[in-house]
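Listed here are the chains, written in short residue letters.
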Amino acid sequence: MRMKSRVNSYIPIIDYIEPFPELRVFIFRYNNLSQFPDLSNVSTSLKIIQSLGNNICQISYISPIPHLITLDIRRNSLTEIPKLSNLSIIFLKLMLSGNNISKPDDQPVMANLETIMLDYNLLIVFPVLTNISLSLMELSTEENPHIKIGDADNFPKQKLLKLGGNSLADFPRFKFDLLNIRRVSVNEQHNKSRGLCTE
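Since the model is a prediction, treat every value here as computed from it, not as a measurement. (Residues numbered from 1 in each chain as written. Predicted model: local features only at pLDDT ≥ 70, side-chain atom pairs only at ≥ 80, totals over all residues. Heavy atoms only, no water.)

Before going further, it helps to spend a moment on the overall build of the chain. Helix and strand counts for the chain stand at zero helices and 12 strands. Reading the secondary structure of the chain in the N-to-C direction produces β-β-β-β-β-β-β-β-β-β-β-β. With 199 residues in all, the chain has 44% of them scored as buried. Considering only intrachain contacts with a sequence separation of at least 6, the fraction spanning at least 24 residues in the chain is 20%. Accessible surface, the chain as shown: approximately 10,400 Å² in total, 51% of it carbon and sulfur. (Helix = DSSP H or I, 4+ residues; strand = E, 2+ residues; numbered from the N terminus. Buried < 20%, exposed > 50% of the residue type's maximum accessible area, 1.4 Å probe, protein only. Contact = heavy atoms within 4.5 Å. Areas by Shrake-Rupley, 256 points an atom, 1.4 Å probe, with all protein chains shown as cover.)

In this section: the confidence of the model for the chain. With 74% of its residues at a pLDDT of 70 or more, the chain has an overall mean of 78. Mean pLDDT per element in the chain: strand β1 (residues 2-4) is the minimum at 43, and strand β5 (residues 70-72) is the maximum at 96. A low-confidence stretch, residues 1-8 (pLDDT under 50), is modelled with 20 contacts involving residues beyond four sequence positions or located in other chains. (pLDDT = per-residue confidence, 0-100.)

Below, the discussion takes up the pattern of salt bridges. For side chains bearing opposite charge, pairing can occur when the charged atoms are close. Enumeration according to the criterion identifies three salt bridges in this entry. The residue Arg24 makes a salt bridge to Glu22 at a minimum N-O spacing of 3.4 Å. When its relative accessible area of 37% is taken as the criterion, Arg24 is described as partly exposed. (Salt bridge = Lys/Arg side-chain N within 4 Å of Asp/Glu carboxyl O.)

Looking now at the nonpolar core. Considering soluble globular proteins, one finds that nonpolar side chains tend to be buried as a cluster. Phe36, Leu39, Ile49, Leu71, Phe91, Leu94 and Ile116 are the most contacted members of the largest nonpolar core, which has 38 residues in total. Among residues more than four places away in sequence, those in contact with Phe36 are Phe28, Ile49, Ser51, Ile56, Ile59, Ile62 and Leu71. (Core = buried A, V, L, I, M, F, W, Y, C linked by side-chain atoms within 4.5 Å.)

As a further point, take the sheet that holds strand β8 (residues 138-140). Backbone hydrogen bonds are what pair the strands of a sheet, in a parallel or an antiparallel way. With parallel pairing, the eight strands of this open sheet are ordered in space as β3-β4-β5-β6-β7-β8-β10-β12. On the outer flanks of this sheet lie β3 (25-27) and β12 (183-185), each paired with one strand and no other. Taken pair by pair, the neighbouring strands of this sheet meet at an average axis angle of 5°, ignoring direction. In the sheet, β3 pairs with strand β4 (residues 48-50) via three bridges, with the strands oriented parallel. Paired with Val25 across the bridge in β4 is Ile48. (Pairing = 2+ DSSP bridges. Axes fitted to C-alpha atoms, helices over the stretch in contact; angles between N-to-C directions.)

With that settled, the discussion passes to unusual backbone geometry. Even without glycine at this site, Asn32 takes up a positive phi of about 65°. If you trace the backbone, Asn32 turns up in the loop between β3 and β4. For Glu143, which is not a glycine, the phi torsion comes out positive at approximately 60°. The residue Glu143 is located in the loop between β8 and β9 (154-155) in this model.

What follows covers the packing of aromatic side chains. Counted according to the given criterion, the structure contains two aromatic pairs. Summarising the aromatic geometry, the rings of Phe28 and Phe36 are spaced 5.7 Å apart at their centres and angled 65° between planes, so their arrangement reads as edge-to-face. A relative accessible area of 4% places Phe28 in the buried class. A residue is classified by how much of its surface remains accessible, and Phe36, at 15% relative accessible area, is buried. (Phe/Tyr/Trp six-rings, centres within 6.5 Å; stacked < 30°, edge-to-face > 60°.)

Bringing the side chain of Asn99 into the picture now. Residue position: Asn99 is located in the loop between β6 (93-95) and β7 (115-117). In this structure Asn99 comes out as buried when scored by relative accessible area, which is 3%. Here the side chain of Asn99 touches Leu96 through a polar contact of 2.9 Å, landing on its backbone oxygen. Not counting the four nearest positions on each side in its chain, Asn99 is found in contact with Ile73, Arg74, Arg75, Asn76, Ser77, Leu78, Tyr120 and Asn121. (Polar contact = N/O pair within 3.5 Å; in protein donor to acceptor, adjacent residues only side chain to side chain.)

With that out of the way, let us pick up the environment of Thr44. On the secondary structure map, Thr44 appears in the loop between β3 and β4. With a relative accessible area of 49%, Thr44 lands in the partly exposed category. The spacing of Thr44 and Arg24 is 20 residues in sequence and 8.7 Å in space, taken between C-alpha atoms. Excluding residues that lie within four positions of it along the chain, Thr44 makes contacts with Pro66 and His67.

Here's what the structure looks like:
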């Protein structure tokens, strides 16, 4: 592994990582990384990548990682949802809490994505997520105090929805299959929710 750094700046750039053929989990957190490293040659067996608490502002491309299930990029400086449609055909969980995402538009399809976490961002409009995945089961947008939600998308498999700490005056008109719903959270004093509307 070759790393470029300065005194007291941790590891801002990783420009090469030797292959680890059996590597399943790769964690590089709280290192002040400014660029997401190229992990395509590290291991074809990678299932979990955690890049928590760095300083990544943009991810324009990630090489395919065929067995990746979870990508954790919480507490960075992203302003948009990365385009990850080619990442993995079994990609299930995307964790983006604690970034600077304000208006996630024009998202590519991630056909099997089941969980997306967008808590503690700067969302002003609710993301159009049917373009991401109709397999979505868990969605969390807590603590986006300026978010506005109109009639939203169809989530036929939705089980968990978390909207606490926003500024909702009414519950959004999501089209749920009520037989699948296991938990809806709209707590916190900022919300003024008045009920669930389904169609």
